[in-house]
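Structure assessment
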Amino acid sequence: MVKLSNHFKIEFLQNLLKIYSPSGREKRLASYLSSIMNRIGYRSVRTDDAGNVIGTIGASGTGILLCGHMDTVAGEIPVQVRDGRIFGRGSVDAKSALAAIVLASSEMRDRLGNGRLIVAAVTREETDGKGIEGLMDSGIDADYAIFGEPTGLKRITVGYKGKIGARLCLKAMESGHTSAPWVYPNPIELSHEFIASVRRKIGKKGNPWKSVTVCLTRMSGGQSLNVTPKSCVSCLDVRIPVGSSTEAAKSSLQARLHDFCSTRKNIIGEMSFSGDSVEPYEVDPNHKVVRALARGILQTDGRPVQLIRKMGTSDLNVLHARTGIHGVSYGPGNPRLSHTDGEFVTRSEYLKTIRVYEKAMQYLVKV
């Protein structure tokens, strides 16, 4: 069996970074991961229909799901180690966390006692989430979950907002010459007006975590430079806070659109929603899985621990909605570097994160 020296751990991460794996092209990385996991003591390793690599350690007792994703955003970055920093696409989001999970779980193989680990390297996290959906379809029996995502060494993510994708269509019952714009309703201008009104009415100033936020991501409309627009289609990304739900947000948007159009002449509004809605999620700060990571951080680095809540969504949202399993996200790297060409993780933080994962798992299988 391969000895997990620090040299091996660094080399393992570099090898993950050198295998380019944008969403939908994870097969080569999955093959490499499977071969390494088989060499470092996993009881079983398999690849499911979604292309996820799933390894297990231990056979019974408290179950811990440790999940990271193999895919990255597009765009290669040369892999380098310089001044204690490891550069490469995915070094932050999120191959360093994935590598740390795989190695920490291997280190636990003779220390689990009455515990079992399910280690999942999933596909397509950065795009359509087919990997985590496939993992859920295969059935996951776990008591706790830890997701490998960049937080920094001393921070634990305990909450994520939910999201829906909305398509807004405003249509004018008639259009005419642009020399008299006051005569005809303008669906493009009215779309901007509606979005602004939604932001004013459902947003909470100064607290985006507790607000529904709306981002206009695409807009198209108009047919000629001298004819007022007949219609306008807008694509909206809507983020939903804990305490609300996707259905409540959809109902609120539909009601506001009805009220908006009913007070304006000759305008018809329609709103539809995409199928990839994600519910918001937050775990109790006193939950065992939070305490486990906090203890691991304090024992490894001795720093005060910070609990954070992110404006985005993650595979953790999907896991909890489908299974009810509670978990957190944690991993090395500055999340502000995610998806940038300046991604790097420090050698020290990466190696310390492996120890944090180990100590957290030890605590969970003993409580």
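Below or above, wherever it landed, is the structure these notes cover. The model shown is predicted, which means the values in this text are computed figures rather than measured ones. (Residues numbered from 1 in each chain as written. Predicted model: local features only at pLDDT ≥ 70, side-chain atom pairs only at ≥ 80, totals over all residues. Heavy atoms only, no water.)

Comments concerning the packing of helix H3 (residues 95-107) against helix H9 (residues 347-366)
Condition: For helices, the fitted axis covers only the stretch in contact; all axes are lines through C-alpha atoms, and the angles between them, taken along N-to-C directions, range from 0 to 180 degrees. By definition, any uninterrupted DSSP run of H or I lasting at least four residues is a helix, any uninterrupted run of E lasting at least two residues is a strand, and each is numbered from the N terminus. Any angle from 65 to 115 degrees is called roughly perpendicular, while one under 35 is roughly parallel, one over 145 is roughly antiparallel, and all others are oblique. Crossing handedness: left-handed means the near helix sits turned counterclockwise from the far one by under a right angle, and right-handed means the same turn made clockwise. Pairs of residues are marked as contacts when any of their non-hydrogen atoms sit within 4.5 Å.
In contact at an axis separation of 8 Å, H3 and H9 are set at 50° when each is read in the N-to-C sense. Of the possible angle classes, the one that applies to H3 and H9 is oblique. Crossing of H3 against H9: the hand is right-handed. Residues Ser96, Ala97, Ala99, Ala100, Ile101, Leu103, Ala104, Ser105 and Glu107 of H3 form the contact with H9, whose own contacting residues are Tyr350, Thr353, Ile354, Tyr357, Glu358 and Met361.

What about the packing of helix H4 (residues 130-138) against helix H8 (residues 315-323)?
Relative placement of two packed helices is described by the angle separating their axes and the distance separating the axes. This is how the line gets drawn: Any residue outside Ala, Val, Leu, Ile, Met, Phe, Trp, Tyr, Cys, Pro, Asp, Glu, Lys and Arg is labelled polar, Gly included; the first ten of those are nonpolar and the last four are charged.
The contact between H4 and H8 brings their axes to 10 Å, and the two run at 25°. With respect to each other, H4 and H8 are oriented roughly parallel. Both H4 and H8 take part in a crossing whose hand is right-handed. Counting all contacts with H4, which are made through Ile132, Glu133, Met136 and Asp137, the residues of H8 involved are Asp315, Val318, Leu319, Arg322 and Thr323. Residue composition of the contact of H4 with H8, by class: four nonpolar, one polar and four charged.

Some remarks on the sheet that holds strand E10 (residues 213-221)
Test applied: When DSSP finds at least two bridges between two strands, those strands are taken to pair.
Taken together, the four strands give an open sheet; going across it, the order is E10-E11-E9-E12, and neighbouring strands pair in antiparallel fashion. Each edge of the open sheet carries a strand with a single partner, namely E10 and strand E12 (267-273). The average angle at which neighbouring strand axes cross in this sheet is 20°, direction not considered. Sheet topology note: the E10/strand E11 (residues 231-240) ladder contains eight bridges and is antiparallel. In the strand pairing of E11, Gly221 is matched with Cys232. The sheet contacts of helix H6 (residues 246-262) involve strand E9 (162-172), E11 and E12, and relative to E12 the element is tilted by about 170°.

Brief notes about unusual backbone geometry
To be explicit about the condition: Only protein chains enter the accessibility calculation, which uses a 1.4 Å probe. A residue is then buried if its area is under 20% of the maximum for its type, exposed if over 50%, and partly exposed in between.
Cis geometry is found at the peptide bond from Asp93 to Ala94, where omega equals -5°. Tracing the backbone through its elements, the reader meets Ala94 in the loop between strand E5 (85-87) and H3. The phi angle at Arg124 is positive, at roughly 60°, despite the residue not being glycine. Positionally, Arg124 belongs in the loop between strand E6 (115-122) and H4. Residue Arg124 is classed as partly exposed on the basis of its relative accessible area of 29%. With a phi close to 60°, Asn266 is a non-glycine residue in the positive phi region. As for its position among the elements, Asn266 is in the loop between H6 and E12. Take Asn266: its relative accessible area is 31%, and that puts it in the partly exposed class.

Here we look at the layout of surface pockets
Where we set the bar: Buriedness for pockets is judged along seven lines, at least five of which must meet protein on both sides within 12 Å for an open set on the 1 Å grid over protein atoms alone, while cavities are sets there where a 1.4 Å probe fits but cannot get out, and lining residues have an atom within 4 Å of a point. Grid points are joined across faces, edges and corners, and a volume is the space filled by probe spheres set on the points.
Within this model, the largest pocket holds a volume of roughly 730 Å³. Along its surface, the largest pocket is lined by 29 residues, and Glu125, Lys163, Thr313, Ser314 and Asp315 are the ones closest to its centre. Listing elements by their share of the lining of the largest pocket, those giving two or more residues are H4 and H8. Among the elements that take part in the lining of the largest pocket, H8 stands out by supplying five residues, more than any other. Looking at the lining of the largest pocket, its residues break down into seven nonpolar, nine polar and 13 charged.

Describing the nonpolar core
This is how it is decided: Among the buried residues, those of types Ala, Val, Leu, Ile, Met, Phe, Trp, Tyr and Cys that are joined through side-chain atoms within 4.5 Å form a nonpolar core.
Membership of the largest hydrophobic core comes to 79 residues, with the highest contact counts inside it found for Phe12, Leu33, Leu65, Val102, Leu135, Tyr350 and Tyr357. Apart from residues no more than four positions distant in its own chain, Leu135 is found in contact with Asp48, Asn52, Ile54, Cys67, Ala120, Val122 and Ile140. Core analysis: the second largest hydrophobic core is formed by 21 residues, Leu170, Leu190, Ile240 and Ala249 among them.

Focus on the pattern of salt bridges
Opposite charge on two side chains permits them to pair, given that their charged atoms come into close proximity. Defined as follows: We count a salt bridge whenever a side-chain nitrogen from Lys or Arg sits within 4 Å of a carboxyl oxygen from Asp or Glu.
Applying the stated criterion across every chain yields a total of 14 salt bridges. Measuring nitrogen to oxygen at the nearest pair gives 2.9 Å for the salt bridge that ties Glu343 to Arg89. Note that Glu343 is positioned in the loop between strand E15 (326-330) and strand E16 (344-346) and Arg89 in the loop between E5 and H3, a separation of 254 residues in sequence. For Arg89, a relative accessible area of 4% corresponds to the buried category.

Here's the deal with the packing of aromatic side chains
Given two aromatic rings, their pairing is described by the distance between the two centres and the angle made by the two planes. Here is the rule we go by: Each Phe, Tyr or Trp ring, with Trp reduced to its six-membered ring, pairs with another whose centre is within 6.5 Å; inter-plane angles below 30 degrees give stacked pairs, above 60 give edge-to-face pairs, and intermediate values give tilted ones. Ring-over charges, as used throughout, are those where CZ of Arg or NZ of Lys falls within 6 Å of the ring centre and within 35 degrees of the ring normal.
Taken as a whole and judged by the stated rule, the model has five aromatic pairs. Measuring from centroid to centroid gives 5.4 Å for Phe87 and Phe344, while their planes differ by 45°, and the two rings are tilted. A residue pair is termed long-range when its members are at least 10 positions apart, and Phe87 in strand E5 and Phe344 in strand E16 qualify at 257 residues. The burial state of Phe87 is the same as that of Phe344; both residues are buried. Plain terms: the ring middles of Phe194 and Phe260 are 5.3 Å apart, the flat faces sit at 70° to each other, and that makes the pair edge-to-face. Here the residue Phe194 occupies a position in helix H5 (residues 187-202), and Phe260 occupies one in helix H6, the gap between them amounting to 66 residues. Ring-pair connections join several aromatic residues into one group, and the members of that group are Phe8, Phe12 and Tyr32. Of note, Arg82 hangs over the ring of Phe87, and the distance from its end group to the ring centre comes to 4.5 Å. When the ring centre of Phe260 is taken as origin, the NZ or CZ atom of Arg264, which lies over that ring, is 3.7 Å away.

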